[in-house]
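Residue strings, one per chain:
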Amino acid sequence: MGLDVINMLTKYNHDVTSGRKIKWIVIHWVGAASTAVNNGTYFQGGDRGASAHYFVDDNKIVKSVRERDIAWAVGSRGYLDQGSPYAKYGHKYFGKCTNSNSVSIEMCCKKGSNGLYISKATLERTARLVQAIQKRLGIDNDHVIRHFDVNGKLCPLPYVQDSKWDDVHAILTGQKFTIKTKGRLIVRKTSSLLSKKTKVLKKGAEYQIIRTNAKDTRGKLKEGGWITITSKYAERI
Ligand SMILES: [Zn+2]
């Protein structure tokens with residue numbers, strides 16, 4: 001299934017390269033109700049002081065900057081503190097992930113009675129784009145991050161809390177699945193087998209996994225904690 005990317009390349013606000021090493025995929029939200037084409041048009045229209053590679057909405061993916069060129073998307077002036085209680089938890093990849101080594105994807109927003117939100121259809125379309133880029137460039141799940149993780153900007157705002165982001169990260173990277181335990185499984189605090197034991201799961205029960213380690217041998221439970229998910233210990237259902 002093709003991604004049907006619409007090219008709306010902008011002349012503005014990016015650095016042209018002849019090729020670069022892309023290590024990270026950075027997820028954003030636009031922060032205003034608009035469509036992918038609206039954004040493509042806006043960024044084609046003049047110097048906006050910023051840019052992103054892709055804009056995604058329920059129906060379309062718009063490419064605004066070529067992947068091999070550098071978009072101005074994740075900031076370079078250090079982490080931002082916007083007075084939010086969460087701001088101090090951001091910027092953990094500052095200096096590691098930069099505009100030069102990342103691709104930025106902006107999710108378009110809708111306006112609901114509780115303010116701006118990202119629709120399920122937009123999340124699913126973004127997931128297809130993220131996974132296609134991961135596969136093509138060999139980017140693992142831990143390198144799919146938020147703008148928040150780079151410089152502390154509250155972007156994408158609905159997923160600044162780690163508990164909300166874990167769930168969305170699992171959708172974007174296609175990791176969300178259910179397992180049935182084949183025996184009593186030890187839950188540990190982190191993906192390391194040396195980390196603290198927190199509880200034991202009973203045999204024959206079903207649990208949702210929302211993240212896996214790079215080797216796909218350990219999985220993070222939706223309710224927290226990590227277990228071994230190899231076929232000896234768990235069946236994927
Ligand atoms: Zn952003």
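As the structure is a prediction and not an experimental result, all values here were calculated from the model.

**Points about the domain arrangement of the protein**
In terms of domain boundaries, the protein breaks down into domain 1 (5–173) and domain 2 (177–236). Measuring from the centre of the C-alpha atoms in domain 1 to the corresponding centre in domain 2 gives 30 Å.

**Some thoughts on the nonpolar core**
Nonpolar side chains tend to gather and get buried jointly when the protein is soluble and globular. In this structure, I25, V26, V56, I105 and M107 are the most contacted members of the largest nonpolar core, which totals 40 residues. Of all elements in the fold, only strand 3 (24–33), strand 4 (54–56), strand 6 (70–71), strand 7 (102–112), helix 2 (120–137), strand 9 (144–146), helix 3 (147–151) and helix 4 (162–173) reach the threshold of two or more residues within this core. When neighbours within four sequence positions are excluded, I105 is seen to be in contact with I25, I27, H28, A52, H53, Y54, V56, T126, L129 and V130. Listed in part, the 10 residues of the second largest apolar core include L185, I209, L221 and A234.

**Brief notes about the packing of helix 2 against helix 4**
Where helix 2 contacts helix 4, the axes come no closer than 7 Å and their chain directions differ by 60 degrees. The orientation of helix 2 relative to helix 4 falls into the category oblique. When helix 2 is examined against helix 4, the residues L123, T126, A127, V130, Q131 and Q134 are found in contact with a partner set consisting of V168, I171, L172 and T173. When grouped by side-chain class, the residues that make up the contact of helix 2 with helix 4 number 6 nonpolar, 4 polar and no charged.

Calculation notes
- Residues numbered from 1 in each chain as written.
- Predicted model: local features only at pLDDT ≥ 70, side-chain atom pairs only at ≥ 80, totals over all residues.
- Domains from an automatic or database assignment.
- Core = buried A, V, L, I, M, F, W, Y, C linked by C-beta atoms within 7 Å.
- Buried ≥ 20, exposed ≤ 12 C-beta atoms within 10 Å, placed from the backbone.
- Helix = DSSP H or I, 4+ residues; strand = E, 2+ residues; numbered from the N terminus.
- Contact = placed C-beta atoms within 7 Å.
- Axes fitted to C-alpha atoms, helices over the stretch in contact; angles between N-to-C directions.
- Parallel < 35°, antiparallel > 145°, perpendicular 65-115°, else oblique.
- Nonpolar A, V, L, I, M, F, W, Y, C, P; charged D, E, K, R; others polar.

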